[in-house]
Amino acid sequence: MKKVDTVKLISAEGMEFVIDKEAAMVSQTIRNMLTSPGGFAEAEHGEVTFPEISAVILEKICQYFYWSLQYSRGKETEFHIEPELTLELMMAANYLHT
């Protein structure tokens, strides 16, 4: 996989998640950062830092991006969310427009 085909998402603690760009584009916010003509640094470097999103939540978000791609292609499976993560995930999903 080429670097241009991936995006690095960085949590508040500095943990890095390298995921397929196609999966990251599930998020309208990330899509805008990577494709807008405004010259965002995120688009130039292929990295997006989320200073307000913890590593645990960002990992679950990455899992959701891949699940969403599979679901959109007709593979219907459940996406399990641990109850203790629900509130933080809802706030992150609102920010990311997913």
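Residues numbered from 1 in each chain as written. Predicted model: local features only at pLDDT ≥ 70, side-chain atom pairs only at ≥ 80, totals over all residues. Heavy atoms only, no water.

In the nomenclature of an unreviewed UniProt entry, the protein is known as Elongin-C of Hibiscus syriacus. The UniProt entry for the protein carries the following comment under Sequence similarities (unreviewed entry): "Belongs to the SKP1 family." (UniProt positions renumbered as here; feature names shortened; annotations may be inferred.)

Caption draft 1: The arrangement of the UniProt feature "domain: SKP1 component POZ" (unreviewed entry) in the protein in detail. Feature annotation in UniProt places "domain: SKP1 component POZ" (unreviewed entry) on residues 6-66, given in this structure's numbering. Secondary structure across residues 6-66 divides into 48% helix and 21% strand, with the first and last C-alpha atoms of the span separated by 13 Å. (Helix = DSSP H or I, 4+ residues; strand = E, 2+ residues; numbered from the N terminus.)

Caption draft 2: Region of interest: the pattern of salt bridges. Across all of its chains, the model carries 4 salt bridges by this definition. Measuring nitrogen to oxygen at the nearest pair gives 2.4 Å for the salt bridge that ties E22 to R73. Placement of E22 in helix α1 (residues 21-24) and of R73 in the loop between α4 (55-72) and α5 (86-96) is noted, with a sequence separation of 51 residues between them. In this structure, E82 and K60 form a salt bridge, with 3.5 Å as the shortest nitrogen-oxygen distance. Of this pair, E82 sits in the loop between α4 and α5 while K60 sits in helix α4, and the two are 22 residues apart along the sequence. A residue is classified by how much of its surface remains accessible, and K60, at 9% relative accessible area, is buried. (Salt bridge = Lys/Arg side-chain N within 4 Å of Asp/Glu carboxyl O. Buried < 20%, exposed > 50% of the residue type's maximum accessible area, 1.4 Å probe, protein only.)

Caption draft 3: Highlighting the nonpolar core. Counting residues in hydrophobic clusters, the biggest one holds 24 residues, and the most contacted among them are L9, I30, F50, I53, I61 and F65. Of all the elements, α4 adds the most residues to this core, at 7 residues. Those residues within four positions of F50 in sequence are excluded, and the remaining contacts are L9, I10, S11, A12, I30, L58, Y95 and L96. (Core = buried A, V, L, I, M, F, W, Y, C linked by side-chain atoms within 4.5 Å. Contact = heavy atoms within 4.5 Å.)

Caption draft 4: Spatial organisation of α4. Taking 1.5 Å of rise per residue, the 18 residues of α4 would be expected to cover 26 Å, and the 26 Å separating its terminal C-alpha atoms lies within 8% of that figure. Along α4, the residues classified as buried are A55, I57, L58, K60, I61, C62, F65, W67, S68 and L69. Against β1 (6-10), β2 (16-20), α1, α2 (28-35) and α5 lie the buried residues of α4. G74 sits one or two residues past α4 and shows a positive phi near 100°. (Expected span 1.5 Å × (residues − 1).)

Caption draft 5: A look at the confidence of the model for the protein. Per-chain confidence: the protein averages 92 in pLDDT, with 96% of residues scoring 70 or above. For the protein, the element scoring lowest by mean pLDDT is helix α3 (residues 41-45), at 84; β2 scores highest, at 98. (pLDDT = per-residue confidence, 0-100.)

Caption draft 6: Inspection of the side chain of K8 at higher detail. Secondary-structure assignment places K8 in strand β1. There is a polar contact of 3.4 Å between the side chain of K8 and the side chain of E16. If near-sequence neighbours (up to four positions away) are discounted, K8 is found in contact with E16, F17, V18, G46, E47 and V48. (Polar contact = N/O pair within 3.5 Å; in protein donor to acceptor, adjacent residues only side chain to side chain.)

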